[in-house]
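Residues per chain are reported as follows:
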Amino acid sequence: MIRSFIKRKIQYKKELKVIRRFHLLSEAERERQKERVWVNPPLISLITPLYNTPKAFLEELLQSVQNQTYIFWELCLADGSDDTHKYVGEICRRYAEQDSRIIYRKLDKNEGIVGNTNQCLTMARGDYIGLVDHDDLLSPSALYEVASAAQNGADFIYTDEMKFQDSIENSVDIVCKNGFGKDELRSHNYICHLTVFKKSLLDDLDELYRIECEGSQDYDMVLRLTEKAGKIVHIPKILYYWRVHQGSVALDLSVKHYAVEAAKRAIAGQLVRSSEQGKVNCNLPYETIYRIKYELKERPLISILVSGDLNKDQAVKYIQELIDRTDYRPLELIIDKKELGVEDDEICISTLSRECGKYEWFNCAAELCHGQYYICLSENCLPRNRKWIEELLMFAQRRDVGVVGAYIKYKDNRIYFAGAVLDKDANSGIYPVNFNRVDSDQGYEANMKYVRNTTILTSICMMISKEKFIELDGFDVLMDSCADADLCLRSRRQGWWNVWTCFADMFYNKKDPITKQWKKNEKFTTRWKDEIEQGDGNYHPLLKRLRKL
């Protein structure tokens, strides 16, 4: 026990060292950033509504903005504080007198977070707008990093954040975020702080914040602006410090329980704007994780292409079990056997003897299919929930979605597959996220409990529309065992989202790890060399470093 305790302490110190390197600015780097000569630097307007802000919090906020290594900013403060908190105005006026970049306005009345923030916006003159809460802090390099991204063409920018109580230096409650994913954002507001966007994105919008979404006004704003943004950039650095104190959402969401209902309205609003039909609910017990049950536009014929190495008797048993565990109809099954002798009144079952590699067989089987959607499925994989096809189809039917994959577990509930990313340190260039965790472990930031966008899915169980499969020219057999990963990457290159859903729940009968599926293939690593080298936006570099400790 003592040895285990010492080991955990050593591990913690290593992790702390890595985390601090990610967010604490060295003096040398601070000076380098301050000395940079900018050409046409963007003016960044930070907008901060004030309401009865504690003195110490307000002073620390003002100082954190003034301590920025990037100097081309303005801080717009709209004060809705009551008469018993006159010190708020006194402090702000004192700072404004000393620094012309600080702009203060006392409001005639408190209009709440929505109204006060919209008042802030009328004061902003910048090319970019940044949102900062009145009790939080910025890293000294926050605006430097944002401005660098803006000069590279970004019109919507967000960063990582860290929660703290007393000391920034000692906090390790970090939130490492993925790159932008449409479906992940609909599942939860992972973007949050720090958010900066080009002011022109507000053109044609009535207002920044909407009163009907008060409580989750930031979430609603992010959903609406990312719909319009041309280049969304995630800066994988901890540049925003979210203060945790009594009464803050960071400490206890129940303080603002109405925020959950507002968030659901915000998501529903995006569905309406996108002409999508679906119902939004909390994925309980997670109140701030949302599940959308999209309506199926139709019930098309689904073709399931079953590949595997079972003998005839095992295959007959498998097919019967698959049919019994699946509600969806109409179905068509093609299995790689010479003879099977299985018949079903509702389902067309065909056989195609495999005298070639798995992915060449998939391509040949696809040519025989009549369905509008294909499911590639292993004979070692069976559904846990009867609506698994509906859960895949609700995403695959979308025009902006390419490949959709399922949540696959071993029978003992350890994770077999929950999405995969590119990783230059992996032998095949592919790393499966959360592999071998137990299902009761919710994953980092509960990432096993919501729908998210991922880079790579597995042909153990994946769905794609016939139309898109043909457009991609099917599987490239030269990619060998990495042909499914290659298909997913070509899907992304077409501008489609790849989606992993935890609600299509499957189990895997074999004991071999998913990592054995993808063997090193030089043709694959050569074709996708640049993408592998630059790192995968769907997996944070800090998590990768911590994984190796």
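Moving on: the overall build of the protein chain. A count of helices and strands for the protein chain gives 17 helices and 23 strands. Taking all 549 residues of the protein chain together, the buried fraction comes to 57%. Here the analysis covers contacts within the protein chain between residues at least 6 apart in sequence; of these, 78% occur between residues at least 24 apart. Of the roughly 24600 Å² that the protein chain leaves accessible, carbon and sulfur atoms contribute 47%. Across the protein chain, the centroid of the 80 positively charged side chains sits 5 Å from that of the 83 negatively charged ones.

Turning our attention to helix 9 (residues 258-273). The end-to-end C-alpha separation of helix 9 is 23 Å, in line with the 22 Å expected for 16 residues at 1.5 Å each. All of the buried residues in helix 9 are Ala 259, Val 260, Ala 262, Ala 263, Lys 264, Ala 266, Ile 267, Gly 269, Gln 270 and Leu 271. For helix 9, the secondary structure elements touched by its buried residues are helix 7 (182-187), helix 8 (217-228), strand 10 (278-283) and strand 11 (286-294). Count one or two residues on from helix 9 and you reach Ser 275, which has phi positive near 55°.

Glancing now at the layout of surface pockets. Size it by volume and the second largest pocket reaches roughly 1000 Å³. For the second largest pocket, the lining is made up of 38 residues, of which Arg 492, Gly 535, Asp 536, Gly 537 and Asn 538 are closest to its centre. The set of elements that each furnish at least two residues to the lining of the second largest pocket consists of strand 9 (232-243), strand 19 (420-422), helix 14 (483-493), strand 23 (497-508), helix 16 (529-534) and helix 17 (541-547). Grouping the constituent residues of the lining of the second largest pocket by class yields 14 nonpolar, 13 polar and eleven charged.

Our next topic: the nonpolar core. Phe 197, Ile 302, Ile 304, Leu 377, Trp 388, Ile 408 and Phe 524 are the most contacted members of the largest nonpolar core, which has 124 residues in total. For this core, the element with the most residues is strand 23, which contributes eight residues. Apart from the residues lying within four places of it in its own chain, the contact partners of Ile 304 are Leu 331, Glu 332, Leu 333, Ile 334, Ile 375, Leu 377, Trp 388 and Ile 389. Leu 46, Leu 75, Val 88 and Leu 239 belong to the second-largest nonpolar core, a separate cluster that totals 38 residues.

Now for the side chain of Asn 283. By the secondary structure assignment, Asn 283 is in strand 10. Overall, the relative accessible area of 14% leaves Asn 283 in the buried class. In this structure, Asn 283 is in contact with Ile 289, Tyr 290, Arg 291, Lys 449 and Phe 503, ignoring residues within four places of it in sequence.

This next bit is on the pattern of salt bridges. Taken as a whole, this structure holds 35 salt bridges when the rule is applied. Here Glu 390 and Arg 299 are joined by a salt bridge, their closest N and O atoms 3.4 Å apart. Taken as a pair, Glu 390 in helix 12 (residues 388-396) and Arg 299 in the loop between strand 11 and strand 12 (302-307) lie far apart in primary sequence, 91 residues in all. Here Glu 390 falls in the buried class, since its relative accessible area comes to 10%.

Attention now moves to empty space enclosed by the protein. Sizing a probe to match a water molecule and rolling it over the atoms shows the empty space that remains. Under the counting rule described, the total for this entry stands at two cavities of 30 Å³ or more. Estimates place the volume of the largest cavity at around 120 Å³. Lining the largest cavity are 14 residues, and of these Leu 131, Val 132, Asp 133, Tyr 209 and Asp 218 lie nearest its centre. Where the lining of the largest cavity is concerned, the elements lending two or more residues are strand 1 (44-50), helix 5 (112-123) and helix 8.

We now examine the environment of Pro 41. Relative to the helices and strands, Pro 41 resides in the loop between helix 2 (27-35) and strand 1. The partly exposed category is assigned to Pro 41, whose relative accessible area is 26%. Spatially, the C-alpha atom of Pro 41 lies 8.9 Å from that of Ser 148, the residues being 107 residues apart in sequence. Ignoring any residue separated from it by four or fewer positions in sequence, one finds Pro 41 in contact with Tyr 70, Phe 72 and Gln 151.

What counts, and where the lines are drawn
- Residues numbered from 1 in each chain as written.
- Predicted model: local features only at pLDDT ≥ 70, side-chain atom pairs only at ≥ 80, totals over all residues.
- Heavy atoms only, no water.
- Helix = DSSP H or I, 4+ residues; strand = E, 2+ residues; numbered from the N terminus.
- Buried < 20%, exposed > 50% of the residue type's maximum accessible area, 1.4 Å probe, protein only.
- Contact = heavy atoms within 4.5 Å.
- Areas by Shrake-Rupley, 256 points an atom, 1.4 Å probe, with all protein chains shown as cover.
- Lys, Arg positive; Asp, Glu negative; His and termini not counted.
- Charge placed at Lys NZ, Arg CZ, Asp CG, Glu CD.
- Expected span 1.5 Å × (residues − 1).
- 1 Å grid on protein atoms, 1.4 Å probe; cavity = no way out; pocket = protein on both sides within 12 Å on 5 of 7 lines; lining within 4 Å.
- Points joined across faces, edges and corners; volume = space filled by probe spheres on them.
- Nonpolar A, V, L, I, M, F, W, Y, C, P; charged D, E, K, R; others polar.
- Core = buried A, V, L, I, M, F, W, Y, C linked by side-chain atoms within 4.5 Å.
- Salt bridge = Lys/Arg side-chain N within 4 Å of Asp/Glu carboxyl O.

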